[in-house]
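Survey of secondary and tertiary structure
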Amino acid sequence: MPAVSFYLPQETLNTVRTKAKAENIPVSKIIREAVENHLKTKESIDARQRVLKCLAKKKPLGGMEGWKQLHQERDAADADRG
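Below: a short report on this structure.

The rules behind each value
- Residues numbered from 1 in each chain as written.
- Predicted model: local features only at pLDDT ≥ 70, side-chain atom pairs only at ≥ 80, totals over all residues.
- Heavy atoms only, no water.
- Helix = DSSP H or I, 4+ residues; strand = E, 2+ residues; numbered from the N terminus.
- Rg over C-alpha atoms; globule rule 2.2 N^0.38 Å.
- Buried < 20%, exposed > 50% of the residue type's maximum accessible area, 1.4 Å probe, protein only.
- Areas by Shrake-Rupley, 256 points an atom, 1.4 Å probe, with all protein chains shown as cover.
- Lys, Arg positive; Asp, Glu negative; His and termini not counted.
- Charge placed at Lys NZ, Arg CZ, Asp CG, Glu CD.
- Patch = residues over 30% accessible without salt bridge, like charges linked within 9 Å, V, L, I, M, F, W, Y side chains within 5 Å.
- Salt bridge = Lys/Arg side-chain N within 4 Å of Asp/Glu carboxyl O.

Let us now look at the overall build of the protein chain. Within the protein chain, the secondary structure is distributed over 3 helices and 0 strands. Overall, the protein chain shows an N-to-C arrangement of helices and strands of α-α-α. Taken over the C-alpha trace, the protein chain has a radius of gyration of 23 Å; the compact-globule value for 82 residues is 12 Å, which it surpasses by more than 25%. Sorting the 82 residues of the protein chain into buried and exposed places 7% on the buried side. Split by element, the accessible area of the protein chain, about 7600 Å² in all, is 57% carbon and sulfur. Distance between charge centroids for the protein chain: 8 Å, based on 16 positive and 11 negative side chains.

Attention now moves to a nonpolar patch on the surface. Together, Val4, Phe6 and Leu8 give the surface a local cluster of nonpolar side chains, amounting to about 280 Å² of exposed area. In this structure valine 4 comes out as exposed when scored by relative accessible area, which is 66%.

Time to look at the pattern of salt bridges. This structure, assessed with the given rule, holds 2 salt bridges. With a shortest N-O distance of 3.9 Å, glutamate 23 and lysine 19 are connected by a salt bridge. Highlighted residues: glutamate 23 and lysine 19, both in helix 1 (residues 10–23), separated by 4 residues, approximately one helical turn. The class for lysine 19 is partly exposed, based on a relative accessible area of 43%.

Fair warning: the whole summary comes from geometry, so function is off the table for now.
Written out as structure tokens, the structure reads:
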């Protein structure tokens, strides 16, 4: 795995080192997981925005009226289950 250098504020580095020591794992693993989680979050936000854009543009459920009708049907179906 290639090595990468970057700077952290001293307080952040101290926190990461404390966590690494407490969990008996390398500092690099904590940093790597933080970067990976950040990237996944970014991908998730981008995907969510693409879905919302599609829903707003194409209105596949019939717009707000279609959504309200579908929601009422789901509520009625849930009420019948109980």
